[in-house]
Amino acid sequence: MRRTVAGLGLATIVAYGTWFYAFGALIDTIADDTGWTVGFLAAVFGAAQLAGAALAIGGGRLLDRFGARSVLLLGGTLGGALIALSPAGGRWTFALAYAIGGAAIEATCFYHITLSAAARIGGERRIRAVTYVTIVGAFAGPVFLPLTARLALAVGWRPTVVSLGITAAAGLTVAALVVPRSVGRAPDADRLPALATVRRALGDAASRRKLLAAPLAATGYGILLVYQVPVMVAAGVPLATAATYGGARALTQLVGRIGLVPVVERTGIGRAYAATLMMGGAGALALAWSGSFVAAAAYVVLAGVAIGAASALDAMYGAEVYDPSGLGTLMGLQQLLAGTAAALGPVVSGFVFDATGSHAFTIGLSVAGFALATLAILGTDRALRGRSEPSGTRSPTTPYTPRR
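Residues numbered from 1 in each chain as written. Predicted model: local features only at pLDDT ≥ 70, side-chain atom pairs only at ≥ 80, totals over all residues. Heavy atoms only, no water.

(A) Main features of a nonpolar patch on the surface. On the surface, Phe139, Val143 and Leu147 cluster together to form a nonpolar patch covering roughly 260 Å² of accessible area. Position of Leu147 relative to the elements: it lies in helix α7 (residues 140-155). The exposure class assigned to Leu147 is exposed, which follows from its relative accessible area of 52%. (Patch = residues over 30% accessible without salt bridge, like charges linked within 9 Å, V, L, I, M, F, W, Y side chains within 5 Å. Areas by Shrake-Rupley, 256 points an atom, 1.4 Å probe, with all protein chains shown as cover. Salt bridge = Lys/Arg side-chain N within 4 Å of Asp/Glu carboxyl O. Helix = DSSP H or I, 4+ residues; strand = E, 2+ residues; numbered from the N terminus. Buried < 20%, exposed > 50% of the residue type's maximum accessible area, 1.4 Å probe, protein only.)

In structure tokens:
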């Protein structure tokens, strides 16, 4: 298990760090040097996210059929090469190469891949493997954000982006070689085509509700991550203090992951996940009153722990709910749904704020997302308890019972 956790953890750090987090440290530097607008650069980043989400189901299918090593090698070499080449031309060359490169890495190396591969470890080790990978992956931002900013100040943004692309290709290649060859592959992945796997999941009550919970929760989390500082500033918190609260919230994510194993062992995955979503909603409510120190501190703790625990719990629960032979494919479908919701939720909130001048809708939409996701997970838990293993040989169209 150690090799698996080390390889998948390294892949998570490199995949998220080299373009998802690093771009935030580069956007102002690129705009100042080139004259490209921040809106244009934000659109490039958004296009990469949406394209990566759209391709995630394909990345998951590749995981099911060929395993983590092949998928990480493909995404790392292709995505890293395109990112490294992106500064070589003008704005549209950069936009196209960077967006496709980022999308390739997201589709093949993000949590829906690394955590699905960890979740395929058998028995009770699965819970620990998923948790450990998320703990290691939490260092992506703390490592790459400051390094990217310092490198950009020292040598400029173009050499920095080239370095990030090379790091992505090299780091993900090393991670792939560390992961044992068999990790992540489903022995019976060829039993059903990808489309049939999706249709079968949609016909199963537990899987359907789990898929519904993903975009609802992503709406809540996405809005919090984008608007936490603006909402605090609107509540009267100074900008520097609001940014400090946001940084503290990121640190408390580790708390939600470190203490996860004993909680899951005591309560079960479904109940722990529902409780986490309720904490996220409570954190969103606390954010609305963050002009008070007590409310701001409550937001830091509640939202941080909820966001930190959610990714690990989601992967654990996916392994409980989804057909094991199509886990990667269905987690990829989840990434498509959640990534789209996480991108669109903040956009809708932004338009409403422009029209009203208030963040009330922003907070309300986040709370609603968490509340509805909680109900969906509780419904999933009920549907799981109602499953029964059919007698005799199980056909590809009959409901399946997850292995506990």
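(B) Broad picture of the pattern of salt bridges. Tallying each qualifying case throughout the model produces five salt bridges. Across the salt bridge formed by Arg200 and Asp323, the nearest N and O atoms sit 2.2 Å from each other. You can see Arg200 sitting in helix α9 (residues 194-202) and its partner Asp323 sitting in the loop between α14 (293-321) and α15 (327-356), a full 123 residues away along the chain. One exposure class covers both Arg200 and Asp323, and it is buried. Between Asp314 and Lys210 there is a salt bridge, and its shortest N-O distance comes to 2.6 Å. Remark: Lys210 occurs in helix α10 (residues 205-234) and Asp314 occurs in helix α14; sequence separation between them is 104 residues.

(C) Region of the structure containing the confidence of the model for the protein chain. With 94% of its residues at a pLDDT of at least 70, the protein chain reaches an overall mean of 86. Highest mean pLDDT in the protein chain belongs to helix α8 (residues 157-178) (96); lowest belongs to helix α11 (residues 239-258) (82). (pLDDT = per-residue confidence, 0-100.)

(D) Representation of the packing of aromatic side chains in the model. Tallying each qualifying case throughout the model produces 20 aromatic pairs. A centroid spacing of 3.9 Å and a plane angle of 15° characterise the contact between Tyr16 and Phe110, whose relative ring orientation is stacked. In this pair, Tyr16 is assigned in helix α1 (residues 2-34) and Phe110 in the loop between α4 (91-109) and α5 (111-119), connecting sequence segments 94 residues apart. Of the residues examined, Tyr16 reaches a relative accessible area of 12% and is grouped as buried. Given the relative accessible area of 3%, Phe110 is considered buried. On the numbers, 5.6 Å between centres and 35° between planes, the contact of Trp36 with Phe94 is tilted. With Trp36 in the loop between α1 and α2 (38-66) and Phe94 in helix α4, this residue pair connects regions lying 58 residues apart in the sequence. (Phe/Tyr/Trp six-rings, centres within 6.5 Å; stacked < 30°, edge-to-face > 60°.)

(E) Broad picture of the environment of Thr37. Following the sequence through the fold, Thr37 ends up in the loop between α1 and α2. By relative accessible area, Thr37 is classed as partly exposed at 47%. A polar side-chain atom of Thr37 sits 3.0 Å from the main-chain amide nitrogen of Phe40. (Polar contact = N/O pair within 3.5 Å; in protein donor to acceptor, adjacent residues only side chain to side chain.)

(F) The environment of Val352, seen in detail. Assignment of secondary structure puts Val352 in helix α15. Classification of Val352 by relative accessible area gives partly exposed; the value is 23%. Sequence separation between Val352 and Ala118 is 234 residues; the distance between their C-alpha atoms is 40 Å. Setting aside residues no more than four positions away along its own chain, Val352 makes contact with Gly357 and Phe361. (Contact = heavy atoms within 4.5 Å.)

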